[in-house]
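A structural walkthrough
The residues making up each chain are set out below.
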Amino acid sequence: LDVLHWNFVNSGTYVDQTESCIIESIQLGAESGNTNIMCSRAFVYEHGPGFHAGYVSRSIVVRTSASSTDRGHIMHTSGGKFEIRNVRIDNLGRTTTDMIDSTV
């Protein structure tokens with residue numbers, strides 16, 4: 001999982017402990033009701049109770065073409081419901097945080 005583009009502000013003390021694994025099994029604890037996830041390997045860092053896990057594999061990826069000179073966008077207009085689930089959205093949006101000049 002590449003998180004470098006998330007642009008965390010690092011004051012010099014932050015250590016990235018992002019880890020990923022291949023899931024071997026998922027079981028629901030009969031007595032506890034907890035979901036137990038067994039990974040293919042042990043993690044390097046200690047992740048105590050309450051840590052967050054994410055399923056990062058997606059069968060659908062929406063991204064800007066590598067050969068494009070402009071970044072793609074997703075636009076929802078008017079009323080109604082707009083929902084995207086279980087889709088990876090990659091390399092879309094503005095390339096700058098400068099104010100938009102519509103006169104150019």
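Residues numbered from 1 in each chain as written. Predicted model: local features only at pLDDT ≥ 70, side-chain atom pairs only at ≥ 80, totals over all residues. Heavy atoms only, no water.

1. Re the overall build of the chain
- Scanning the chain for helices and strands turns up 0 helices and 4 strands.
- Ordered by position from N to C terminus, the α and β elements of the chain give β-β-β-β.
- Burial statistics for the chain: of 104 residues in total, 7% are counted as buried.
- Expressed as a percentage of contacts within the chain between residues at least 6 apart in sequence, the contacts between residues at least 24 apart total 36%.
- Taken as a whole, the chain presents about 9,700 Å² of accessible surface, with 52% of it coming from carbon and sulfur. (Helix = DSSP H or I, 4+ residues; strand = E, 2+ residues; numbered from the N terminus. Buried < 20%, exposed > 50% of the residue type's maximum accessible area, 1.4 Å probe, protein only. Contact = heavy atoms within 4.5 Å. Areas by Shrake-Rupley, 256 points an atom, 1.4 Å probe, with all protein chains shown as cover.)

2. Digging into the state of the cysteines
- Counted according to the given criterion, the structure contains 1 disulfide.
- With a sulfur-sulfur separation of 2.2 Å, Cys21 is cross-linked through a disulfide to Cys39. Within this pair, whereas Cys21 is found in the segment before strand S1 (23-28), its partner Cys39 is found in strand S2 (residues 35-39), the two being separated by 18 residues in sequence. (Disulfide = S-S within 2.5 Å.)

3. Let's talk about the pattern of salt bridges
- As enumerated under the stated definition, the model contains 1 salt bridge in all.
- Taking the shortest distance from any N to any O, the salt bridge between Asp90 and Arg88 comes out at 3.3 Å.
- In this structure Asp90 comes out as buried when scored by relative accessible area, which is 16%. (Salt bridge = Lys/Arg side-chain N within 4 Å of Asp/Glu carboxyl O.)

4. Description of the environment of Gly93
- Among the structural elements, Gly93 can be located in the segment after strand S4 (87-90).
- Setting aside anything within four residues of it in sequence, one finds Gly93 in contact with Arg71, Gly72 and His73.

5. Observations concerning a nonpolar patch on the surface
- Together, Ile60, Val62, Ile74, Phe82, Ile84 and Ile89 line one region of the surface with nonpolar side chains, adding up to about 500 Å² of accessible area.
- Turning to its location among the elements, Ile74 is positioned in the loop between strand S3 (60-63) and S4. (Patch = residues over 30% accessible without salt bridge, like charges linked within 9 Å, V, L, I, M, F, W, Y side chains within 5 Å.)

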